[in-house]
Amino acid sequence: MRLILLGFGVVGQSLVKLLLSHSTDLYNEYGIKPKVVACADHGGIITCDQGLDLDMLLSVKKKKRSVVQYGPKVDKSEIIDVIENMDAETVIELTPTNIIDGEPGKSHIITAMKSGKNVITVNKGPLALEFPSLMELAEYNRIAFKFSGTVGGGTPILEFAKRCLKGDRILSFEGILNGTTNYILSKMYEGLNFSEALKNASEKGYAEKDPTLDIDGYDAVAKLVIASNLVMNMKSTMNNVERMGIRGVERTQVMKERKNGNAIKLIASCDGKNLVVRPKPVSTKDPICVDGILNAITFTCQHSGQQTIIGKGAGGMETASSILRDLIDIRTVIRS
Ligand code: HSE
(Lines give C-alpha, C1' and ligand atoms only; values in the text may rest on other atoms or scores of the structure.)
Protein backbone atom coordinates (compact mmCIF):
# COMPACT_ATOMS: atom_id res chain seq x y z
CA MET A 1 0.00 0.00 0.00
CA ARG A 2 1.53 3.30 -1.16
CA LEU A 3 1.14 6.07 1.37
CA ILE A 4 1.62 9.84 1.34
CA LEU A 5 2.32 11.18 4.82
CA LEU A 6 1.50 14.85 5.40
CA GLY A 7 2.67 16.07 8.78
CA PHE A 8 5.56 14.45 10.64
CA GLY A 9 5.21 15.53 14.25
CA VAL A 10 4.70 13.29 17.30
CA VAL A 11 1.86 11.31 15.71
CA GLY A 12 3.49 10.94 12.28
CA GLN A 13 6.75 9.70 13.78
CA SER A 14 4.90 7.30 16.06
CA LEU A 15 3.04 5.94 13.05
CA VAL A 16 6.29 5.27 11.20
CA LYS A 17 7.65 3.49 14.31
CA LEU A 18 4.50 1.35 14.35
CA LEU A 19 4.82 0.56 10.63
CA LEU A 20 8.37 -0.62 11.30
CA SER A 21 7.64 -2.65 14.43
CA HIS A 22 4.40 -4.20 13.06
CA SER A 23 5.57 -4.90 9.52
CA THR A 24 5.45 -8.69 9.86
CA ASP A 25 1.99 -8.75 11.48
CA LEU A 26 0.63 -6.22 9.02
CA TYR A 27 1.70 -8.38 6.11
CA ASN A 28 0.86 -11.80 7.56
CA GLU A 29 -2.49 -10.85 9.06
CA TYR A 30 -3.80 -8.21 6.69
CA GLY A 31 -1.67 -8.37 3.54
CA ILE A 32 -0.49 -4.81 4.07
CA LYS A 33 3.00 -3.91 2.89
CA PRO A 34 3.18 -0.17 3.51
CA LYS A 35 5.45 2.04 1.42
CA VAL A 36 5.71 5.69 2.37
CA VAL A 37 6.31 7.32 -1.03
CA ALA A 38 6.15 10.94 0.17
CA CYS A 39 6.50 12.70 3.50
CA ALA A 40 5.95 16.36 4.35
CA ASP A 41 6.66 18.50 7.37
CA HIS A 42 7.09 22.25 8.02
CA GLY A 43 10.20 22.28 5.78
CA GLY A 44 8.61 20.86 2.63
CA ILE A 45 7.95 17.48 1.08
CA ILE A 46 10.24 14.68 -0.08
CA THR A 47 9.25 11.86 -2.41
CA CYS A 48 10.63 8.48 -3.43
CA ASP A 49 8.78 6.27 -5.86
CA GLN A 50 10.38 3.09 -4.44
CA GLY A 51 9.39 4.06 -0.88
CA LEU A 52 11.36 6.09 1.65
CA ASP A 53 13.65 4.32 4.09
CA LEU A 54 11.65 4.66 7.31
CA ASP A 55 14.55 4.27 9.73
CA MET A 56 16.45 6.95 7.89
CA LEU A 57 13.40 9.21 7.80
CA LEU A 58 13.10 9.01 11.60
CA SER A 59 16.78 9.59 12.15
CA VAL A 60 16.91 12.59 9.78
CA LYS A 61 13.90 14.14 11.51
CA LYS A 62 15.48 13.62 14.92
CA LYS A 63 18.87 15.01 14.00
CA LYS A 64 18.04 17.70 11.44
CA ARG A 65 14.51 18.68 12.53
CA SER A 66 13.01 18.43 9.04
CA VAL A 67 12.54 15.51 6.67
CA VAL A 68 13.75 17.62 3.75
CA GLN A 69 17.35 16.88 4.78
CA TYR A 70 16.67 13.25 3.75
CA GLY A 71 17.24 14.00 0.06
CA PRO A 72 16.16 16.30 -2.75
CA LYS A 73 13.06 18.08 -1.61
CA VAL A 74 10.07 19.15 -3.60
CA ASP A 75 9.09 22.70 -2.72
CA LYS A 76 6.50 23.18 0.01
CA SER A 77 4.16 24.89 -2.42
CA GLU A 78 4.17 21.72 -4.49
CA ILE A 79 2.57 19.50 -1.85
CA ILE A 80 -0.72 19.76 -3.70
CA ASP A 81 1.01 18.59 -6.93
CA VAL A 82 2.44 15.59 -5.11
CA ILE A 83 -0.97 14.69 -3.68
CA GLU A 84 -2.53 14.96 -7.12
CA ASN A 85 0.10 13.23 -9.19
CA MET A 86 2.08 10.79 -7.07
CA ASP A 87 1.14 7.16 -7.53
CA ALA A 88 -0.36 6.29 -4.10
CA GLU A 89 -3.54 4.76 -2.69
CA THR A 90 -3.85 6.61 0.58
CA VAL A 91 -3.06 10.05 1.95
CA ILE A 92 -2.50 10.27 5.70
CA GLU A 93 -3.18 13.86 6.77
CA LEU A 94 -1.57 14.75 10.11
CA THR A 95 -0.94 18.50 9.94
CA PRO A 96 -1.90 20.46 13.09
CA THR A 97 -5.56 21.24 13.72
CA ASN A 98 -6.65 24.67 12.55
CA ILE A 99 -10.20 25.51 13.56
CA ILE A 100 -10.30 28.89 11.78
CA ASP A 101 -10.22 27.72 8.17
CA GLY A 102 -9.09 24.10 8.45
CA GLU A 103 -5.93 24.75 6.40
CA PRO A 104 -3.64 23.32 5.18
CA GLY A 105 -5.36 20.05 6.08
CA LYS A 106 -8.61 20.88 4.30
CA SER A 107 -6.93 21.48 0.92
CA HIS A 108 -4.83 18.34 1.35
CA ILE A 109 -7.92 16.23 2.06
CA ILE A 110 -10.02 17.71 -0.75
CA THR A 111 -7.20 17.32 -3.29
CA ALA A 112 -6.61 13.72 -2.23
CA MET A 113 -10.30 12.89 -2.54
CA LYS A 114 -10.60 14.52 -5.95
CA SER A 115 -7.54 12.55 -7.12
CA GLY A 116 -9.25 9.32 -6.10
CA LYS A 117 -7.02 8.63 -3.08
CA ASN A 118 -8.28 7.27 0.22
CA VAL A 119 -7.84 9.61 3.17
CA ILE A 120 -6.99 8.95 6.79
CA THR A 121 -6.77 11.92 9.12
CA VAL A 122 -6.53 12.77 12.81
CA ASN A 123 -6.78 16.48 11.98
CA LYS A 124 -9.97 17.75 13.58
CA GLY A 125 -10.20 21.16 11.88
CA PRO A 126 -11.51 20.20 8.43
CA LEU A 127 -14.13 17.83 9.86
CA ALA A 128 -15.28 20.18 12.60
CA LEU A 129 -15.75 22.92 10.02
CA GLU A 130 -17.09 20.98 7.03
CA PHE A 131 -18.21 17.52 8.06
CA PRO A 132 -21.19 17.12 5.69
CA SER A 133 -19.43 18.37 2.56
CA LEU A 134 -16.31 16.25 3.16
CA MET A 135 -18.43 13.13 3.66
CA GLU A 136 -20.29 13.91 0.44
CA LEU A 137 -17.05 14.50 -1.48
CA ALA A 138 -15.66 11.17 -0.25
CA GLU A 139 -18.81 9.38 -1.35
CA TYR A 140 -18.91 11.15 -4.72
CA ASN A 141 -15.30 10.17 -5.41
CA ARG A 142 -15.86 6.64 -4.05
CA ILE A 143 -12.90 6.72 -1.74
CA ALA A 144 -12.55 5.63 1.89
CA PHE A 145 -12.45 8.50 4.38
CA LYS A 146 -11.35 7.41 7.85
CA PHE A 147 -10.88 9.61 10.91
CA SER A 148 -11.09 7.30 13.90
CA GLY A 149 -8.34 9.16 15.80
CA THR A 150 -10.06 12.56 15.62
CA VAL A 151 -12.17 11.62 18.65
CA GLY A 152 -10.63 9.67 21.52
CA GLY A 153 -7.09 9.39 20.10
CA GLY A 154 -6.36 5.66 20.35
CA THR A 155 -9.74 4.84 21.91
CA PRO A 156 -12.26 3.75 19.28
CA ILE A 157 -15.12 5.97 20.47
CA LEU A 158 -16.60 6.57 17.02
CA GLU A 159 -16.41 2.89 16.02
CA PHE A 160 -17.90 1.85 19.35
CA ALA A 161 -20.94 4.05 18.70
CA LYS A 162 -21.27 3.28 14.99
CA ARG A 163 -20.47 -0.43 14.97
CA CYS A 164 -21.00 -1.89 18.44
CA LEU A 165 -24.23 -0.01 19.16
CA LYS A 166 -25.65 -0.73 15.70
CA GLY A 167 -29.37 -1.51 15.78
CA ASP A 168 -29.96 0.47 18.97
CA ARG A 169 -30.82 4.16 19.03
CA ILE A 170 -28.38 6.48 20.76
CA LEU A 171 -30.45 9.11 22.56
CA SER A 172 -27.63 11.16 24.02
CA PHE A 173 -24.00 11.01 25.02
CA GLU A 174 -21.67 12.86 27.34
CA GLY A 175 -18.13 12.61 28.54
CA ILE A 176 -14.55 13.77 28.56
CA LEU A 177 -13.15 14.30 25.07
CA ASN A 178 -10.00 16.29 25.78
CA GLY A 179 -7.01 14.57 27.37
CA THR A 180 -4.96 17.70 28.10
CA THR A 181 -7.62 19.48 30.17
CA ASN A 182 -8.43 16.25 31.96
CA TYR A 183 -4.77 15.83 32.78
CA ILE A 184 -4.62 19.43 34.07
CA LEU A 185 -7.81 19.08 36.13
CA SER A 186 -6.57 15.77 37.57
CA LYS A 187 -3.27 17.37 38.57
CA MET A 188 -5.16 20.29 40.16
CA TYR A 189 -7.21 17.72 42.10
CA GLU A 190 -3.88 16.39 43.41
CA GLY A 191 -2.82 19.91 44.40
CA LEU A 192 -0.69 21.13 41.46
CA ASN A 193 -1.37 24.56 40.02
CA PHE A 194 -2.76 25.21 36.54
CA SER A 195 0.41 26.39 34.78
CA GLU A 196 2.61 23.60 36.17
CA ALA A 197 0.06 21.04 35.00
CA LEU A 198 -0.19 22.63 31.52
CA LYS A 199 3.60 22.64 31.18
CA ASN A 200 3.64 18.91 32.00
CA ALA A 201 0.92 18.16 29.43
CA SER A 202 2.74 20.09 26.68
CA GLU A 203 6.06 18.38 27.43
CA LYS A 204 4.39 14.98 27.16
CA GLY A 205 3.02 15.89 23.71
CA TYR A 206 -0.67 15.74 24.72
CA ALA A 207 -1.52 19.38 24.14
CA GLU A 208 -2.28 20.84 20.72
CA LYS A 209 0.46 22.86 19.01
CA ASP A 210 -1.55 25.85 20.24
CA PRO A 211 -2.63 24.72 23.77
CA THR A 212 -5.34 27.39 23.98
CA LEU A 213 -7.33 25.04 21.73
CA ASP A 214 -7.37 22.59 24.64
CA ILE A 215 -7.71 25.05 27.52
CA ASP A 216 -10.53 27.10 26.03
CA GLY A 217 -12.52 24.02 25.03
CA TYR A 218 -12.21 24.32 21.23
CA ASP A 219 -10.64 20.88 20.87
CA ALA A 220 -13.51 19.28 22.80
CA VAL A 221 -15.99 21.32 20.73
CA ALA A 222 -14.41 20.06 17.48
CA LYS A 223 -14.66 16.45 18.70
CA LEU A 224 -18.23 16.95 19.86
CA VAL A 225 -19.15 18.26 16.41
CA ILE A 226 -17.51 15.28 14.69
CA ALA A 227 -19.19 12.76 17.03
CA SER A 228 -22.63 14.39 16.84
CA ASN A 229 -22.53 14.41 13.03
CA LEU A 230 -21.35 10.83 12.74
CA VAL A 231 -23.22 9.22 15.62
CA MET A 232 -26.44 11.26 15.84
CA ASN A 233 -26.65 12.35 12.17
CA MET A 234 -26.76 15.98 13.24
CA LYS A 235 -25.67 18.67 10.80
CA SER A 236 -23.80 20.66 13.41
CA THR A 237 -20.81 22.97 13.14
CA MET A 238 -18.63 24.55 15.81
CA ASN A 239 -20.96 27.58 16.01
CA ASN A 240 -23.76 25.36 17.29
CA VAL A 241 -21.85 24.43 20.45
CA GLU A 242 -22.18 26.32 23.74
CA ARG A 243 -18.59 26.46 24.97
CA MET A 244 -16.73 27.23 28.17
CA GLY A 245 -13.10 26.16 28.77
CA ILE A 246 -11.22 25.50 32.02
CA ARG A 247 -9.31 28.79 32.25
CA GLY A 248 -11.61 30.05 35.00
CA VAL A 249 -11.46 26.90 37.14
CA GLU A 250 -9.81 27.75 40.49
CA ARG A 251 -7.91 25.31 42.66
CA THR A 252 -10.13 26.26 45.63
CA GLN A 253 -13.19 25.23 43.61
CA VAL A 254 -11.56 21.91 42.72
CA MET A 255 -10.78 21.29 46.41
CA LYS A 256 -14.29 22.26 47.53
CA GLU A 257 -15.85 19.78 45.08
CA ARG A 258 -13.32 17.15 46.15
CA LYS A 259 -14.69 17.37 49.72
CA ASN A 260 -18.19 16.72 48.31
CA GLY A 261 -17.04 13.56 46.51
CA ASN A 262 -16.85 15.27 43.10
CA ALA A 263 -14.18 16.19 40.60
CA ILE A 264 -14.47 19.06 38.15
CA LYS A 265 -14.28 17.76 34.57
CA LEU A 266 -14.60 19.38 31.16
CA ILE A 267 -17.75 17.65 29.93
CA ALA A 268 -18.95 17.54 26.33
CA SER A 269 -22.59 16.59 25.90
CA CYS A 270 -25.10 16.01 23.11
CA ASP A 271 -28.79 15.27 23.63
CA GLY A 272 -29.65 15.20 19.94
CA LYS A 273 -30.48 18.93 19.92
CA ASN A 274 -28.12 20.79 22.24
CA LEU A 275 -24.34 20.61 22.15
CA VAL A 276 -22.45 21.85 25.20
CA VAL A 277 -18.82 21.84 26.40
CA ARG A 278 -18.22 23.18 29.90
CA PRO A 279 -16.50 22.31 33.18
CA LYS A 280 -18.81 20.78 35.77
CA PRO A 281 -18.63 18.69 38.95
CA VAL A 282 -18.92 14.95 38.35
CA SER A 283 -19.30 12.37 41.11
CA THR A 284 -16.09 10.37 41.52
CA LYS A 285 -18.33 7.27 41.41
CA ASP A 286 -19.52 8.08 37.87
CA PRO A 287 -17.69 5.86 35.32
CA ILE A 288 -16.83 8.94 33.24
CA CYS A 289 -14.90 10.41 36.17
CA VAL A 290 -11.49 9.24 34.90
CA ASP A 291 -8.06 10.75 35.50
CA GLY A 292 -5.04 11.90 33.52
CA ILE A 293 -5.21 11.90 29.73
CA LEU A 294 -8.02 9.35 29.74
CA ASN A 295 -11.18 10.08 27.79
CA ALA A 296 -14.50 8.55 28.83
CA ILE A 297 -17.86 8.76 27.17
CA THR A 298 -21.24 7.37 28.12
CA PHE A 299 -23.79 6.68 25.38
CA THR A 300 -27.39 6.45 26.52
CA CYS A 301 -29.25 4.07 24.23
CA GLN A 302 -32.97 3.36 23.83
CA HIS A 303 -32.73 -0.39 24.50
CA SER A 304 -29.32 -1.29 25.88
CA GLY A 305 -29.18 1.58 28.40
CA GLN A 306 -25.92 3.25 29.26
CA GLN A 307 -22.61 2.15 27.79
CA THR A 308 -19.32 3.74 28.73
CA ILE A 309 -16.05 3.51 26.84
CA ILE A 310 -12.80 4.62 28.48
CA GLY A 311 -9.29 4.92 27.08
CA LYS A 312 -6.33 7.13 26.38
CA GLY A 313 -7.44 10.20 24.46
CA ALA A 314 -4.07 11.66 23.52
CA GLY A 315 -0.47 10.64 22.94
CA GLY A 316 1.61 9.86 19.87
CA MET A 317 1.57 6.06 19.91
CA GLU A 318 -2.06 5.90 21.02
CA THR A 319 -3.22 8.17 18.21
CA ALA A 320 -0.94 6.44 15.70
CA SER A 321 -2.63 3.14 16.60
CA SER A 322 -5.94 4.63 15.39
CA ILE A 323 -4.32 5.33 12.01
CA LEU A 324 -3.17 1.74 11.76
CA ARG A 325 -6.73 0.65 12.57
CA ASP A 326 -8.05 2.86 9.76
CA LEU A 327 -5.42 1.54 7.37
CA ILE A 328 -6.44 -2.04 8.13
CA ASP A 329 -10.10 -1.10 7.57
CA ILE A 330 -9.27 0.36 4.17
CA ARG A 331 -7.28 -2.73 3.23
CA THR A 332 -10.15 -4.96 4.31
CA VAL A 333 -12.58 -3.02 2.08
CA ILE A 334 -10.19 -3.15 -0.90
CA ARG A 335 -9.86 -6.92 -0.41
CA SER A 336 -13.59 -7.71 -0.14
N1 HSE B 1 -4.89 17.84 22.44
C2 HSE B 1 -5.75 16.72 22.30
C3 HSE B 1 -6.17 16.25 23.68
C4 HSE B 1 -5.03 15.64 21.56
O5 HSE B 1 -5.55 16.68 24.65
O6 HSE B 1 -7.14 15.51 23.81
C7 HSE B 1 -5.91 14.52 21.07
O8 HSE B 1 -6.91 14.95 20.19
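Note: the structure precedes this text.
Attention here is on the structure that accompanies the text. (Residues numbered from 1 in each chain as written. Predicted model: local features only at pLDDT ≥ 70, side-chain atom pairs only at ≥ 80, totals over all residues. Heavy atoms only, no water.)

Observations concerning a positive patch on the surface
Together, Lys17, Lys62, Lys63 and Lys64 line one region of the surface with positive charge. The dominant element in the positive patch, judged by the number of residues it contributes, is helix H3 (residues 54–64), at three residues. By the secondary structure assignment, Lys17 is in helix H1 (residues 10–21). What makes Lys17 partly exposed here is its relative accessible area of 41%. (Patch = residues over 30% accessible without salt bridge, like charges linked within 9 Å, V, L, I, M, F, W, Y side chains within 5 Å. Areas by Shrake-Rupley, 256 points an atom, 1.4 Å probe, with all protein chains shown as cover. Salt bridge = Lys/Arg side-chain N within 4 Å of Asp/Glu carboxyl O. Lys, Arg positive; Asp, Glu negative; His and termini not counted. Charge placed at Lys NZ, Arg CZ, Asp CG, Glu CD. Helix = DSSP H or I, 4+ residues; strand = E, 2+ residues; numbered from the N terminus. Buried < 20%, exposed > 50% of the residue type's maximum accessible area, 1.4 Å probe, protein only.)

A word on the pairing of strand S12 (residues 294–301)
Extensive coverage of S12 is indicated by the burial of six of its eight residues. Pairing geometry for strand S8 (residues 170–176) and S12, over six bridges, is antiparallel. Each residue of the ladder has a partner; that of Glu174, found in S12, is Thr298. Two strands pair when backbone bridges link them, and S12 and strand S13 (residues 305–312) are joined in this way by eight bridges, in the antiparallel orientation. Residue pairing in the sheet places Thr300 in a bridge with Gln306 of S13. (Pairing = 2+ DSSP bridges.)

Describing the sheet that holds S12
Pairing is mixed across the open sheet formed by six strands, whose spatial order is S9-S11-S10-S8-S12-S13. At either end of the open sheet lies a strand with only one pairing partner, and these are strand S9 (241–243) and S13. Here the average twist between neighbouring strands, direction ignored, is 30°. Note that strand S10 (residues 262–270) and strand S11 (residues 275–283) share nine bridges and pair antiparallel. Opposite Ser269, over in S11, you have Val276 as the bridge partner. Sheet contacts for helix H8 (residues 179–189): S8, S10 and S12; angle to S10, the most-contacted strand, approximately 160°. In the packing of helix H12 (residues 251–259) onto the sheet, contacts are made with S10 and S11, and the angle to S10 comes to roughly 100°. (Axes fitted to C-alpha atoms, helices over the stretch in contact; angles between N-to-C directions. Contact = heavy atoms within 4.5 Å.)

Some details on the nonpolar core
If you look at the biggest cluster of nonpolar residues, it comprises 69 residues, and the most contacted ones within it are Phe145, Leu224 and Phe299. Counting residues per element, this core draws most heavily on helix H11 (residues 218–232), which supplies ten residues. Both domains that furnish three or more residues to this core are identified here as domain 1 (2–154 + 316–335) and domain 2 (157–312). Aside from chain neighbours lying at most four places away, what touches Phe299 is Ile157, Phe160, Ala161, Leu165, Ile170, Ser172, Phe173, Val231, Gly305, Gln306, Gln307 and Ile309. In this structure, Leu19, Leu54, Ile323 and Ile328 belong to the second largest nonpolar core, which totals 31 residues. (Core = buried A, V, L, I, M, F, W, Y, C linked by side-chain atoms within 4.5 Å. Domains from an automatic or database assignment.)

Remarks on H8
The buried fraction of H8 amounts to nine of the eleven residues, a majority that puts the element mostly inside the structure. Along H8, the residues that are buried comprise Gly179, Thr180, Thr181, Asn182, Tyr183, Ile184, Leu185, Ser186 and Met188. For H8, the secondary structure elements touched by its buried residues are S8, helix H9 (194–203), helix H10 (212–215), H12, S10 and S12. For H8, the N-terminal capping position is held by Asn178, with its side-chain oxygen 3.3 Å away from the main-chain nitrogen of Thr180. (Polar contact = N/O pair within 3.5 Å; in protein donor to acceptor, adjacent residues only side chain to side chain.)

A look at the side chain of Ser148
Turning to its location among the elements, Ser148 is positioned in the loop between strand S7 (145–146) and helix H7 (157–164). A relative accessible area of 4% means that Ser148 is categorised as buried. Those residues in contact with Ser148, other than ones at most four positions away along the chain, are Gly153, Leu158, Glu159, Ser322, Arg325 and Asp326.

Section: the layout of surface pockets
Of the volumes computed, that of the largest pocket is approximately 1,100 Å³. Elements with a contribution of two residues or more to the lining of the largest pocket: H1, strand S2 (35–41), helix H4 (79–85), H8, H11 and helix H13 (316–335). If you tally residues by element for the lining of the largest pocket, the top one is H1, at four residues. Looking at the lining of the largest pocket residue by residue, the class counts come to 14 nonpolar, 22 polar and nine charged. Two domains each donate at least three residues to the lining of the largest pocket, and these are domain 1 (2–154 + 316–335) and domain 2 (157–312). (1 Å grid on protein atoms, 1.4 Å probe; cavity = no way out; pocket = protein on both sides within 12 Å on 5 of 7 lines; lining within 4 Å. Points joined across faces, edges and corners; volume = space filled by probe spheres on them. Nonpolar A, V, L, I, M, F, W, Y, C, P; charged D, E, K, R; others polar.)

Overview of the pattern of salt bridges
By the definition in use, this model includes 16 salt bridges. Of the charged contacts, one joins Lys124 and Asp219 as a salt bridge, the two residues approaching to 2.6 Å between their closest N and O atoms. Taken as a pair, Lys124 in helix H6 (residues 124–140) and Asp219 in helix H11 lie far apart in primary sequence, 95 residues in all. Among the residues examined, Lys124 registers a relative accessible area of 7% and is labelled buried. Overall, the relative accessible area of 4% leaves Asp219 in the buried class.

So, the environment of Asp101
Inspection of the secondary structure puts Asp101 in the loop between strand S5 (90–93) and helix H5 (105–114). Classification of Asp101 by relative accessible area gives partly exposed; the value is 38%. A C-alpha to C-alpha distance of 23 Å links Asp101 and Ile4, two positions 97 residues apart in sequence. For Asp101, the residues in contact, after removing those within four places along its chain, are Lys106 and Leu129. Only 2.7 Å separates the side chain of Asp101 from the side chain of Asn98, close enough to count as a polar contact. Within the structure, Asp101 has its side chain in polar contact with the backbone nitrogen of Glu103 (distance 3.0 Å).

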